[in-house]
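# Survey of secondary and tertiary structure
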Amino acid sequence: KDLYKIFFYQDNNILRLKNNEVIIDKNLYIPKNLEVVIESNQKIFLINNAFIFSKSPWKFNGSQGKIILSGYEDNYGGGILITDVNKKSILNNVEISYLQGMNTNEYPEYIILGSINFHQTKVELINVSFKDITSEDAINIFRSDFEIYDVNYSNISSDAIDIDFSNGNINKVNFFYIENDAIDFSGSVVNIENAYFNNVNDKIVSAGENSKINVNQVKGINSHAGIVSKDGSKVFTKNIYFDGVKIPFAAYQKKSEYEYPILEAKNYELKNYLTKSIKDTTASITIKDETLEMNPNQIISLIYEKNFSLIK
């Protein structure tokens, strides 16, 4: 458990890097009651799928120069889990790349799905980029309060943002080439503003399990599905522009234990779509255009299996 002392020195309760560039090739555990501070222009390279498990907050202070947290293109790192911490973690001016999440059973008490994970804590991301991430989620936020501002995601092989049972705001974000969902919510209350999506292969915004999501000022192009409300979620959208989004709006029940979902769309412009909106018999969509009603199995086939023949 003291392996972190190879790479960090302790200044009172603060951990600092011993060198401005470190290569970490093994899993590390950071105990509680400390604070990890990474300064401007410092670099942490995680290789051999090395993963950092921390019960102390992290401060990436990149105000005077970009901080690098990355694997190598030919040797991916794992990532970081920051969990059960009352104090807020802050990532400011950080470039995160070539990570693939945890693939060991070293911490079986936690479900670790992302490369960067915040569980039962507080976090703020400002001017952060994620690229070339192959874990199930680029970032996973669970039962936490968060602020995401001026963050970019590109070449993400699964979900970009996955937020579960958390509250926060997402503002000024950009997504390019996301293989699954760009933003996926479960049981969360979130505001999204000023977001751009390009080539999302699944859903641009997916709200499930009684989420309450407000969406404003969104542009999406060349993507599969736009804004989706599922399983008791309530999603309110305005000022939406979609071009080349095949199914801009959808609402349906996927899990029978939840109530019907609600989706409201105001002030939108849609171009080059297959059908403007779809719903099942229980869902509520408020939209100025006609909605295609389908049974839940048809919708799931269309959304998840991309069975476009269902649209006539």
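Residues numbered from 1 in each chain as written. Predicted model: local features only at pLDDT ≥ 70, side-chain atom pairs only at ≥ 80, totals over all residues. Heavy atoms only, no water.

## Some remarks on the overall build of the chain
The number of helices and strands found in the chain is one helix and 26 strands. A compact globule built from 312 residues would reach a C-alpha radius of gyration of about 20 Å, and the chain, at 20 Å, matches this within 12%. For the chain, the spread of C-alpha atoms along the three principal axes comes to 65 × 35 × 30 Å. Within the chain, the fraction of its 312 residues that count as buried is 56%. In the chain, of all internal contacts separated by at least 6 residues, the share reaching a separation of at least 24 is 45%. (Helix = DSSP H or I, 4+ residues; strand = E, 2+ residues; numbered from the N terminus. Rg over C-alpha atoms; globule rule 2.2 N^0.38 Å. Buried < 20%, exposed > 50% of the residue type's maximum accessible area, 1.4 Å probe, protein only. Contact = heavy atoms within 4.5 Å.)

## Let's talk about the pairing of strand S8 (residues 58–61)
A regular strand places its side chains on the two faces of the sheet in alternate fashion. With four bridges joining them, strand S5 (residues 35–39) and S8 adopt parallel strand pairing. Paired with Val-37 across the bridge in S8 is Lys-59. Looking at chain direction, S8 and strand S11 (residues 88–99) are connected through three bridges and run parallel. Across the sheet, Phe-60 pairs through a bridge with Leu-91, a residue of S11. (Pairing = 2+ DSSP bridges.)

## Focus: the nonpolar core
Residues Phe-8, Trp-58, Phe-130 and Tyr-153 are the most contacted members of the largest nonpolar core, which totals 77 residues. Of all the elements, strand S22 (residues 234–252) adds the most residues to this core, at six residues. When near neighbours in sequence (up to four residues on either side) are disregarded, Tyr-153 contacts Phe-130, Ala-138, Ile-139, Ile-148, Ala-160, Ile-161, Asn-174, Phe-175, Phe-176 and Ile-178. Formed by eleven residues, the second largest nonpolar core is a distinct cluster that contains Ala-225, Ile-247, Met-294 and Ile-299. (Core = buried A, V, L, I, M, F, W, Y, C linked by side-chain atoms within 4.5 Å.)

## A closer look at the environment of Gly-114
For Gly-114, the position within the fold is in strand S12 (residues 114–119). Ignoring anything within four residues of it in the chain, the contact list for Gly-114 reads Phe-51, Gly-101, Ser-135, Asp-137, Ala-138 and Asn-140.

## Side note on the packing of aromatic side chains
Scanning the entire structure with this criterion turns up twelve aromatic pairs. Judged by centre distance (5.5 Å) and plane angle (20°), the rings of Tyr-29 and Phe-53 are stacked. Residue Tyr-29 is located in strand S4 (residues 28–30), and its partner Phe-53 is located in strand S7 (residues 51–54); the two are separated by 24 residues in the primary sequence. When its relative accessible area of 19% is taken as the criterion, Tyr-29 is described as buried. Phe-53 sits in the buried class, given a relative accessible area of 2%. When the centroid spacing of 4.8 Å and the interplanar angle of 5° are considered together, the rings of Phe-175 and Phe-197 count as stacked. With a gap of 22 residues between them, Phe-175 in strand S17 (residues 167–178) and Phe-197 in strand S19 (residues 189–200) connect regions that are remote in the sequence. When its relative accessible area of 0% is taken as the criterion, Phe-175 is described as buried. The class for Phe-197 is buried, based on a relative accessible area of 0%. Within the aromatic cluster, the residues linked to one another by ring pairs are Phe-130, Tyr-153, Phe-175 and Phe-197. The ring of Tyr-304 is capped by Lys-254, whose NZ or CZ atom sits 4.1 Å from the centre of that ring. Lying over the aromatic face of Tyr-268, Lys-288 brings its terminal NZ or CZ to 4.8 Å of the ring centre. (Phe/Tyr/Trp six-rings, centres within 6.5 Å; stacked < 30°, edge-to-face > 60°. Lys NZ or Arg CZ within 6 Å of the ring centre and 35° of its normal.)

## Points about the environment of Asn-93
Tracing the backbone shows Asn-93 in strand S11. Given the relative accessible area of 13%, Asn-93 is considered buried. Taking the C-alpha atoms as reference points, Asn-93 and Ile-303, separated by 210 residues in sequence, lie 35 Å from one another. Beyond its immediate stretch of four places on either side in the chain, Asn-93 contacts Gly-62, Gly-65, Lys-66, Ile-67, Ile-126 and Asn-127.

## Looking at the pattern of salt bridges
Inspection of every chain in the model, using the stated rule, returns 13 salt bridges. The shortest N-O distance in the salt bridge between Asp-181 and Lys-203 comes to 3.2 Å. One end of the pair, Asp-181, is in the loop between S17 and strand S18 (183–186); the other, Lys-203, is in strand S20 (residues 203–208), with 22 residues separating them in the sequence. Each member of the pair, Asp-181 together with Lys-203, is buried. A salt bridge links Lys-279 to Glu-293, with the shortest nitrogen-to-oxygen separation between them at 3.4 Å. Highlighted residues: Lys-279 in strand S24 (residues 277–279) and Glu-293 in strand S26 (residues 292–293), separated in sequence by 14 residues. Residue Glu-293 is classed as partly exposed on the basis of its relative accessible area of 49%. Put simply, Asp-11, Arg-16 and Glu-39 are held in one network by salt bridges that share partners. (Salt bridge = Lys/Arg side-chain N within 4 Å of Asp/Glu carboxyl O.)

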